[in-house]
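Coordinate inspection notes
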Amino acid sequence: MSERRACQTSGIARSTLRYRPVARDDSGVITFIQAHMALNPRHGFGLLYDSARHQGSPGARRCSGACIASCG
C-alpha cells in the first residue's frame, strides 16, 4: 500500500509522517537565567520574564517555565 493511500485510510496528514523536530539552541536564555538568578535569587518567573524582555536578552520570548526548571 502506498504512503498516500495509507495516510488517507488512517486519516492522518502525510506531513505528520515526515515531520522532524528542529532542536533549538537555548544557551543564551539559560545563561541569562543563571546570571539573573545569581543576582536576584528571590525573583520568580514573572520578574525574571519582565527583566528579560526589558533588557532585550536573546530569546526573551522563549523564556518559559520549562527552561527555568531545567536551570534548577
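Residues numbered from 1 in each chain as written. Predicted model: local features only at pLDDT ≥ 70, side-chain atom pairs only at ≥ 80, totals over all residues. Heavy atoms only, no water.

1. Some words on the side chain of S51
- Topologically, S51 is positioned in helix 4 (residues 45–55).
- Classification of S51 as buried rests on a relative accessible area of 15%. (Helix = DSSP H or I, 4+ residues; strand = E, 2+ residues; numbered from the N terminus. Buried < 20%, exposed > 50% of the residue type's maximum accessible area, 1.4 Å probe, protein only.)

2. Brief notes about the pattern of salt bridges
- In the structure shown here, the tally under the stated rule is 1 salt bridge.
- The closest approach of N and O atoms between E3 and R18, which form a salt bridge, is 3.1 Å. Of this pair, E3 sits in helix 1 (residues 3–10) while R18 sits in helix 2 (residues 14–18); the two residues are 15 residues apart in sequence, bridging distant segments of the chain.
- Look at R18 and you get exposed, because its relative accessible area is 52%. (Salt bridge = Lys/Arg side-chain N within 4 Å of Asp/Glu carboxyl O.)

3. Overview of the confidence of the model for the protein chain
- Scored by pLDDT, the protein chain has a mean of 79; 78% of the residues are at 70 or more.
- Predicted confidence in the protein chain is weakest over helix 5 (residues 65–71), with a mean pLDDT of 61, and strongest over helix 1, with 90. (pLDDT = per-residue confidence, 0-100.)

4. Concerning the packing of helix 3 (residues 27–39) against helix 4
- Packing of helix 3 against helix 4 leaves a shortest axis separation of 11 Å and a crossing angle of 115°. Considering the relative orientation of helix 3 and helix 4, their crossing is right-handed. Judged by residue contacts, F32, I33, H36 and M37 of helix 3 engage L47, L48, S51, A52 and Q55 from helix 4.
- Of the residues that constitute the contact of helix 3 with helix 4, the class distribution is 6 nonpolar, 3 polar and no charged. (Axes fitted to C-alpha atoms, helices over the stretch in contact; angles between N-to-C directions. Left-handed = near helix turned anticlockwise from the far one by under 90°. Contact = heavy atoms within 4.5 Å. Nonpolar A, V, L, I, M, F, W, Y, C, P; charged D, E, K, R; others polar.)

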